[in-house]
Amino acid sequence: MADTHVLFVEDDDVIREATQLALERDGFVVTAVPDGLAGLEAFRADRPDIALLDVMVPGLDGVSLCRRIRDESTVPVIMLSARADSIDVVLGLEAGADDYVTKPFDGAVLVARIRAVLRRFGHASGPDGAGAGAGEAERTAEAVLRFGDLEIDREGMEVRRDGRQVALTPTEMRLLLEFSDAPGTVLSRDRLLERVWDYGWGGDTRVVDVHVQRLRGKIGQDRIETVRGFGYKLRG
């Protein structure tokens, strides 16, 4: 992780400086800025590997900044919120964030979340990533899965719906691949948290629910079925 560049947007001077020092001690390169407009400028100038955005920052709030980043990039985003039960959490996830951490946070927990997000982004990195070394001629028929009008190219990390390419974030791709591995099987939220978000501990299932809703909006509302009290399943 020594070369991993983190953009950190936080208006509290004490939290910003302490967190930056903690991340740098763990080998991250950190650009820390106090407001959303400076964060957007730094993002465009530096193209960081991951962004940590506090929800309540001046100039351009964290949720709006997340939307602006998501319009331009699939770089992973973690939101920081002072209230675990706040609507801020859901708004951040709906804006395109991949995860969130509640303040005050332990530095070790934050580092673990960052590394978990980066691991899964490396796994679903697309044709230029580490997981896509096979050439077109080496692909097998099993690498392309079809569910109605939905086509999933597992090796090329591409999804098409009715012949048109669907743009998914790496987290959405991981979620879809998890469903496609077991079509028709009900997957619990806890299993999805463990498999997609790499949580070795209990997590907030709102992360799963919001990402399922975002995925439905891209691949079809009826493609993923809710099984009340149990979880979700992909319709074959």
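First, a word on what this report is: a plain description of the structure on this page. (Residues numbered from 1 in each chain as written. Predicted model: local features only at pLDDT ≥ 70, side-chain atom pairs only at ≥ 80, totals over all residues. Heavy atoms only, no water.)

**What to know about the pattern of salt bridges**
Then step 1. Using the criterion set out here, one finds 20 salt bridges in the structure.
Then step 2. Between Asp-149 and Arg-223 there is a salt bridge whose closest N-O contact spans 3.6 Å. Highlighted residues: Asp-149 in the loop between β6 (144-147) and β7 (150-153) and Arg-223 in the loop between α8 (206-219) and β10 (224-227), separated in sequence by 74 residues.
Then step 3. In this structure Asp-149 comes out as partly exposed when scored by relative accessible area, which is 32%.
Then step 4. Among the ionic pairs, Asp-181 bridges to Arg-154, the shortest N-O distance being 3.0 Å. Here Arg-154 lies in the loop between β7 and β8 (158-161) and Asp-181 lies in the loop between α6 (170-180) and α7 (189-196), a separation of 27 residues in the sequence.
Then step 5. Connected through shared salt-bridge partners, Glu-10, Asp-54 and Lys-103 make up one network. (Salt bridge = Lys/Arg side-chain N within 4 Å of Asp/Glu carboxyl O. Helix = DSSP H or I, 4+ residues; strand = E, 2+ residues; numbered from the N terminus. Buried < 20%, exposed > 50% of the residue type's maximum accessible area, 1.4 Å probe, protein only.)

**Quick notes on unusual backbone geometry**
Then step 1. Along the chain, Lys-103 connects to Pro-104 via a cis peptide bond; the corresponding omega equals -5°.
Then step 2. For Pro-104, the location among the structural elements is in the loop between β5 (99-102) and α5 (107-123).
Then step 3. Unlike most non-glycine residues, Arg-47 shows phi in positive territory, near 50°.
Then step 4. For Arg-47, the position within the fold is in the loop between α2 (36-46) and β3 (50-54).
Then step 5. A relative accessible area of 44% places Arg-47 in the partly exposed class.
Then step 6. The phi dihedral of Met-157 falls on the positive side, at around 55°, and the residue is not glycine.
Then step 7. Position of Met-157 among the secondary structure elements: in the loop between β7 and β8.
Then step 8. Look at Met-157 and you get buried, because its relative accessible area is 18%.

**Considerations on the sheet that holds β5**
Then step 1. In space, the five strands of this open sheet follow the order β2-β1-β3-β4-β5, with parallel pairing throughout. Looking at which strands have only one partner, the edges of the open sheet turn out to be β2 (29-33) and β5. With direction set aside, neighbouring strand axes in the sheet form an average angle of 20°. (Pairing = 2+ DSSP bridges. Axes fitted to C-alpha atoms, helices over the stretch in contact; angles between N-to-C directions.)

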